[in-house]
Amino acid sequence: MLVLGIESSCDETGVALFDTERGLLAHRLHSQIAMHTEYGGVVPELASRDHIRRVLPLTEACMAEAGLTLANIDAVAYTAGPGLAGALLVGASVANALGFALQKPVIDVHHLEGHLLSPLLSEPRPQFPFIALLVSGGHTQLMAVRGIGQYELLGETVDDAAGEAFDKSAKLLGLGYPGGPALSKLADQGDATRFKLPRPMLHSGDLDFSFSGLKTAVLNLVKQQAELDEKTVADICAAFQEAMVEVLLKKCVAALKQTGMQRLVIAGGVGANKQLRNALDDAAKRHRFEVFYPPLALCTDNGAMIAFAGAMRLKFAAHSYSYNARPRWDLASLPAVA
């Protein structure tokens, strides 16, 4: 079965083709970073308009890469939520229009389920059950995943997500938008021992996170500097990243011990962070668990994860062609796939 996946939840337009027998055949992604940089953040109306411009050319490019036509598609999957309402409606409209025109079923996909399942597109792929750390711009959650649709929330951030803290701290340091990748790059050049930053909720005894205080600590540190030269900025970046990684690492190991599971899956944009991956790989050797990541190209929002999640939920595909756009959508409400 060939599934076309469409992702348009925020500031990236993604389209992909996934075949249940042959795997991922093609994927295309357009990032709106250059457009939103001028405003220092995502402008929802501009994001929606750009999705409209990009989604059909990206679809045509995917079909050409795979050597297929729309007539070959067996189902269309799209991100129905959570996300920006207007952006979600673009993907919903295109997916349902294609489904109606081709008389093929349409599958509404939960954006976070797409991220959770994206490591299954890599090799080796993890087997169920596993602990998943979903760590992105808008979400930081630890989930016990026992199967598709079988998700138990173990802990989450009580304020800023990890990705938000990266971007906001980077902005305080004058690194622009989105600042997370720039902060990580500078951190590799900095001295993490020069400044001591807090590790929020490191010893809280639960699996929740809090990164607002870490961001505030960066703000206070910036204000204390007589001169914010390149070396100082790099050292603050290194201290911030080390604090963030230490918290994420300890909570992941605690979740594995609490559940008795031996597999850890990392999903979301922050999962591309090199220091985090290195720390988790080292911990996996010490504590004897396995850790899995999605391919680097699939860490951010993308159509491949939506096409794959849609393929896993073909049994729930509908012919009603209803425009489901759910800016807020509880992951636990999804039905399990037997």
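Counting restarts for each chain, with residues numbered from 1 along the sequence as it is written. Whole-chain, interface and lining totals are the exception, using all residues; otherwise, since this is a predicted model, local features are given only for residues with pLDDT of at least 70 and side-chain atom pairs are given and counted only at 80 or more. Hydrogen atoms and water are omitted, and side-chain values are computed over all heavy atoms in the structure.

For the protein chain, the name recorded in an unreviewed UniProt entry is tRNA N6-adenosine threonylcarbamoyltransferase, with Silvimonas terrae as its organism. UniProt positions are given in the numbering used here, feature names are shortened, and annotations may be inferred rather than shown by experiment. Per UniProt, the protein chain has the following entry under Subcellular location (unreviewed entry): "Cytoplasm". Taken verbatim from the UniProt record of the protein chain, the Catalytic activity (unreviewed entry) comment is "L-threonylcarbamoyladenylate + adenosine(37) in tRNA = N(6)-L-threonylcarbamoyladenosine(37) in tRNA + AMP + H(+)".

### Focus: the UniProt feature "binding site: substrate" (unreviewed entry) in the protein chain
Following the UniProt record, one finds the feature "binding site: substrate" (unreviewed entry) at Leu 134, Val 135, Ser 136, Gly 137, Gly 138, Asp 167, Gly 180 and Asn 273. Segments assigned H or I by DSSP are reported as helices when at least four residues long, segments assigned E as strands when at least two residues long, and all are numbered from the N terminus. Along the chain, the position of Gly 137 falls in the loop between strand S6 (130-135) and strand S7 (140-147). Relative accessibility decides the category of a residue: with a 1.4 Å probe and only protein chains considered, values under 20% of the type maximum give buried, values over 50% give exposed, and everything between is partly exposed. With relative accessibility at 40%, the residue Gly 137 sits in the partly exposed group. What makes two residues a contact is simply this: any of their non-hydrogen atoms within 4.5 Å. Contact partners of Gly 137, with chain neighbours within four places excluded, come to Ala 161, Gly 163 and Glu 164. Residue position: Asn 273 is located in the loop between strand S9 (263-267) and helix H9 (274-287). Judged by relative accessible area, Asn 273 falls into the buried class, the value being 8%. Here Asn 273 is in contact with Phe 166, Ser 184, Gln 241 and Val 245, once residues within four sequence places are set aside.

### What to know about the sheet that holds strand S2 (residues 12-19)
Across the sheet, five strands lie side by side as S3-S2-S1-S4-S5; this open sheet has mixed pairing. On the outer flanks of this sheet lie strand S3 (23-31) and strand S5 (106-110), each paired with one strand and no other. Neighbour to neighbour, the strand axes of the sheet diverge by 20 degrees on average, direction disregarded. Paired strands are those between which DSSP finds at least two bridges. In the sheet, strand S4 (residues 75-81) pairs with S5 via five bridges, with the strands oriented parallel. Axes here refer to lines fitted to C-alpha atoms; in helices the fit is confined to the stretch in contact. Angles between the N-to-C directions go from 0 to 180 degrees.

### Looking at the side chain of Thr 232
Along the chain, Thr 232 falls in helix H8 (residues 230-259). Judged by its relative accessible area of 2%, Thr 232 falls in the buried class. Non-local contacts of Thr 232, meaning those with residues more than four positions away in its chain, are made with Arg 194, Phe 195, Gln 225 and Glu 227.

### Here's the deal with the side chain of Ser 184
Structurally, Ser 184 can be placed in helix H6 (residues 180-187). The class for Ser 184 is buried, based on a relative accessible area of 15%. Looking at Ser 184, its side chain comes within polar contact range of the side chain of Gln 241, at 3.3 Å. In contact with Ser 184, not counting residues within four places along its chain, are Phe 166, Gln 241 and Asn 273. Here a polar contact is taken to be a pair of N or O atoms separated by no more than 3.5 Å, where protein atoms must pair a possible hydrogen donor with a possible acceptor and residues adjacent in sequence count only if both atoms sit in side chains.

### Re the layout of surface pockets
Left-over empty space is what a probe sized like a water molecule reveals as it rolls over the atoms. A 1.4 Å probe that fits but cannot get out identifies a cavity on a 1 Å grid over protein atoms alone, an open set with protein on both sides within 12 Å along at least five of seven lines counts as a pocket, and a residue lines either if it has an atom within 4 Å of a point. Grid points are joined across faces, edges and corners, and a volume is the space filled by probe spheres set on the points. Approximately 230 Å³ is the volume attributed to the second largest pocket. At five residues, the largest contribution of residues to the lining of the second largest pocket is made by S5. Under the grouping applied here, Gly and all other residues not named as nonpolar or charged are polar, the nonpolar ones being Ala, Val, Leu, Ile, Met, Phe, Trp, Tyr, Cys and Pro and the charged ones Asp, Glu, Lys and Arg. Residues belonging to the lining of the second largest pocket are distributed by class as follows: ten nonpolar, five polar and four charged.

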